[in-house]
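The residues making up each chain are set out below.
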Amino acid sequence: MHAFDILGDPVRRRILELLAEGELPAGSIAGTIGAEFGISQPAVSQHLKVLRDNGFATVTVDGTRRLYAVDPEPLREIDTWLDRYRKFWMNRLDALETELHRGHRQ
């Protein structure tokens, strides 16, 4: 599965957002995602499996708990792919920074 296929799903993107804050148990993820998206625990588990099987998340077993964390490597690959497109917004961001600095001087 291609990285953008993985990240194209809003549930999986949200799971990665949660994991970006730090390692979380599967039950906590399922509770948050279930409440936000109205999906069942087995459905959340399937999304976690897709993230894990495609390298976006790691899982550590701690007794009866499964702790999930982000694996940054696939995200680095996406960042590398995006490099060729940064020129389209970097000039605009540089111009915005210049204008903001001008505003602080006045």
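Just so we're clear, the structure is a prediction, and the values are computed from it rather than from any experiment.

Remarks on the overall build of the protein
Counting its secondary structure elements, the protein contains 6 helices and 3 strands. Along the chain direction, N to C, the helices and strands of the protein fall in the order α-α-β-α-α-β-β-α-α. For the protein, the residues scored as buried account for 23% of the 106 residues in total. Taking the contacts inside the protein whose residues are at least 6 apart along the sequence as the reference set, 47% of them involve residues at least 24 apart. By element, 53% of the accessible surface of the protein is carried by carbon and sulfur atoms, the whole surface being about 7300 Å².

Focus on the pattern of salt bridges
Side-chain pairing between opposite charges can occur once the charged atoms of the two side chains come close. According to the stated counting rule, one finds 5 salt bridges in the structure shown. Linking Glu17 and Arg14 is a salt bridge whose minimum nitrogen-to-oxygen distance equals 3.4 Å. Separated by 3 residues within a single helix, Glu17 and Arg14 lie in helix α2 (residues 10-20), roughly one turn from each other. Here Arg14 falls in the partly exposed class, since its relative accessible area comes to 23%. Where Asp53 meets Lys49, a salt bridge forms, and the shortest distance between an N and an O atom there is 2.6 Å. Placement of the pair is Asp53 and Lys49 together in helix α4 (residues 41-53), with a separation of 4 residues, close to one helical turn. Beyond isolated ion pairs, a larger network of salt bridges with shared partners links Arg14, Glu17 and Glu36.

Concerning the confidence of the model for the protein
Mean pLDDT for the protein: 89, with 90% of residues reaching 70 or above. Within the protein, strand β1 (residues 24-25) carries the highest mean pLDDT (98), whereas helix α6 (residues 87-105) carries the lowest (71).

Structural notes on α4
Given 3.6 residues per helical turn, the α-helix brings residues three or four places apart onto the same face. Here α4 spans 18 Å end to end across 13 residues, near enough to the 18 Å set by a 1.5 Å rise per residue. Here α4 has its buried residues at Val44, His47, Leu48, Val50 and Leu51. Looking straight down α4, one finds that the buried residues subtend no more than 155° of arc, so they occupy a single side. Next to the buried residues of α4 lie α1 (3-7), α2, α3 (26-37), β2 (57-62) and β3 (65-70). One or two steps after α4, the chain reaches Gly55, where phi turns positive at roughly 85°.

As for the packing of aromatic side chains
Per the stated rule, a full pass over the model turns up 2 aromatic pairs. Taken together, a centroid distance of 4.9 Å and an interplanar angle of 45° make the contact between Trp81 and Tyr85 tilted. You can call Trp81 partly exposed: its relative accessible area is 36%. Exposure remark for Tyr85: the relative accessible area of 31% places this residue in the partly exposed category. Counting every residue linked through ring pairs, the aromatic cluster contains Phe4, Trp81 and Tyr85.

What counts and how
Residues numbered from 1 in each chain as written. Predicted model: local features only at pLDDT ≥ 70, side-chain atom pairs only at ≥ 80, totals over all residues. Heavy atoms only, no water. Helix = DSSP H or I, 4+ residues; strand = E, 2+ residues; numbered from the N terminus. Buried < 20%, exposed > 50% of the residue type's maximum accessible area, 1.4 Å probe, protein only. Contact = heavy atoms within 4.5 Å. Areas by Shrake-Rupley, 256 points an atom, 1.4 Å probe, with all protein chains shown as cover. Salt bridge = Lys/Arg side-chain N within 4 Å of Asp/Glu carboxyl O. pLDDT = per-residue confidence, 0-100. Expected span 1.5 Å × (residues − 1). Arc of directions from axis to C-beta. Phe/Tyr/Trp six-rings, centres within 6.5 Å; stacked < 30°, edge-to-face > 60°.

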